[in-house]
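Structural features, examined
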Amino acid sequence: MGSEDRADRVKARDTRRRDEDDPVPVRDGVKRYARQAMVSSAQAHERAAQMLERMAGTHPEEADLHRQVAVRHRRWAENDRKLAERYAPRGGDPDDP
């Protein structure tokens, strides 16, 4: 049995919304996984921004471009942190993966 056959049998449950007023409940495990993924992504963007800033110091001819991309990575990291807060379990610490 190929992975495509298996994928056809696997169905996502409790993650879709019926409409805006009547959401289907999302399991805590799904929220926890989504939050952990966003925290990890934010950390990766922060590391990328730090690396680009170091590169700006060692490559003066491309320094401006490296700094621009570093700013974008920091913005993406902030967006990921906001998503992590959104999916944090109630009463949970959004910074604790």
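Moving on to the packing of helix α2 (residues 28–58) against helix α3 (residues 63–86). How two helices pack is summed up by the angle between their axes together with the distance between the axes. Orientation of α2 relative to α3, taken along the N-to-C sense of each, is 165 degrees, at an axis distance of 8 Å. The angle between α2 and α3 falls in the class roughly antiparallel. Where α2 crosses over α3, the handedness of that crossing is left-handed. Here the contact of α2 with α3 is built from residues that sort into 15 nonpolar, 5 polar and 7 charged.

So, about the environment of A37. You can see A37 is positioned in helix α2. Exposure remark for A37: the relative accessible area of 34% places this residue in the partly exposed category. As for A37 and D80, which are separated by 43 residues in sequence, their C-alpha atoms are 8.8 Å apart.

This next bit is on the confidence of the model for the protein chain. Mean pLDDT over the protein chain works out to 78, with 64% of the residues at or above the 70 mark. No element of the protein chain has a lower mean pLDDT than helix α1 (residues 3–9), at 50, and none a higher one than α3, at 95.

Scoring rules and cut-offs
Residues numbered from 1 in each chain as written. Predicted model: local features only at pLDDT ≥ 70, side-chain atom pairs only at ≥ 80, totals over all residues. Heavy atoms only, no water. Axes fitted to C-alpha atoms, helices over the stretch in contact; angles between N-to-C directions. Helix = DSSP H or I, 4+ residues; strand = E, 2+ residues; numbered from the N terminus. Parallel < 35°, antiparallel > 145°, perpendicular 65-115°, else oblique. Left-handed = near helix turned anticlockwise from the far one by under 90°. Nonpolar A, V, L, I, M, F, W, Y, C, P; charged D, E, K, R; others polar. Buried < 20%, exposed > 50% of the residue type's maximum accessible area, 1.4 Å probe, protein only. pLDDT = per-residue confidence, 0-100.

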